[in-house]
Amino acid sequence: MSERGSHIGPSILSADFLRLGEQVAEAEAAGADFIHIDVMDGRFVPNISIGLPVVEAVRRITRLPLDVHLMIIEPERYAERFVAAGADRVTVHVEACIHLHRTLHAVAEAGAEAGVTLNPATPLSAIEEAIPLVRQVLVMSVDPGFGGQTFIPSALDKIRRLRGILDMRNPTCLLEVDGGIKASNIARVAAAGADTFVVGSALYAPGQPVAEAMAELRRAVAG
């Protein structure tokens, strides 16, 4: 990924798992910048999704960066294993990490970029000390656990404030947003300061080819 700009990647949580390899390939052909993989344990979030074997499988079928989002308790137990499975970036929740500093360093030492994320009701102050340590901060614009949710409007102010903090303390850090991103709101999210967008149901939309959906998102984010 380039340092700044608009990076769009599909969340495979919204893909058809019977056609997962095909749908990853469609996203890559459509110009996706990365593949976003949501890992859920049924404890930190009220859902169970995918794990190490799927990351390993996706790694074999694409050259795109794998952006792995760990929505699990005790992520420090598994972060390095996800790097070994093929993750290029591992993002952990501040709410789930007792020793966030140690976990971020473990990801970096394992050879991947470290990221930190926070839920909609978690204040930015919770990640203040971690900002210099990460390559990416992920703002959840829905309560995590399920795809297809509606963007929470108050996330825009949070994104604006975070952009200002990052510009002062870690200017090359990516500001990623995940949750309810679609063509009708991606421009507003970009204007607030986001540069990296996770898109699920709006990209893997029934009846619309992935290439068309991606082109629509690119046009929208370009204004």
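Quantities reported herein were computed from a predicted structural model and do not represent experimental measurements.

So, how was this worked out
- Residues numbered from 1 in each chain as written.
- Predicted model: local features only at pLDDT ≥ 70, side-chain atom pairs only at ≥ 80, totals over all residues.
- Heavy atoms only, no water.
- Helix = DSSP H or I, 4+ residues; strand = E, 2+ residues; numbered from the N terminus.
- Contact = heavy atoms within 4.5 Å.
- Salt bridge = Lys/Arg side-chain N within 4 Å of Asp/Glu carboxyl O.
- Buried < 20%, exposed > 50% of the residue type's maximum accessible area, 1.4 Å probe, protein only.
- Axes fitted to C-alpha atoms, helices over the stretch in contact; angles between N-to-C directions.
- Parallel < 35°, antiparallel > 145°, perpendicular 65-115°, else oblique.
- Left-handed = near helix turned anticlockwise from the far one by under 90°.
- Pairing = 2+ DSSP bridges.
- Right-handed = clockwise from strand over helix to strand, strands pointing away.

Draft legend 1. Looking closely at the side chain of N170. Mapped onto the secondary structure, N170 falls in the loop between helix 5 (155-169) and strand 7 (174-178). Setting aside its immediate chain neighbours within four residues, N170 contacts I131, P132, V134 and I165.

Draft legend 2. Examining the pattern of salt bridges more closely. All told, the structure shown has ten salt bridges when counted by the stated rule. Between R19 and E22 there is a salt bridge, with the nearest N and O atoms lying 2.6 Å from each other. Across the pair D195 and R163 runs a salt bridge whose closest N-O atoms are separated by 3.0 Å. With D195 in the loop between helix 6 (186-192) and strand 8 (196-199) and R163 in helix 5, this residue pair connects regions lying 32 residues apart in the sequence. Accessibility expressed as a relative area gives 7% for R163, which makes it buried. Within this structure, R19, E22 and E26 form a network of salt bridges that share partners.

Draft legend 3. Representation of the packing of helix 1 (residues 20-29) against helix 2 (residues 52-61) within the structure. One way to put it is that helix 1 packs onto helix 2 with a least axis distance of 10 Å and a crossing angle of 50°. For the element pair helix 1 / helix 2, the angle class is oblique. Helix 2 is crossed by helix 1, and the crossing has right-handed handedness. Packed against helix 1, whose contacting residues are L20, G21, V24 and E28, the element helix 2 presents V54, V58 and I61 at the interface.

Draft legend 4. Representation of the pairing of strand 8. Taking every second residue as pointing to the same face, both faces of strand 8 are buried, with T196 and V198 on one and F197 and V199 on the other. One ladder, built from four bridges, connects strand 1 (residues 7-10) with strand 8; its direction is parallel. The partner of H7 across the bridge, within strand 8, is T196. In terms of strand pairing, strand 7 meets strand 8 through three bridges, oriented parallel. Note that in strand 8 the partner of D178 across the bridge is V198. Crossover handedness for the path strand 7 to helix 6 to strand 8: right-handed.

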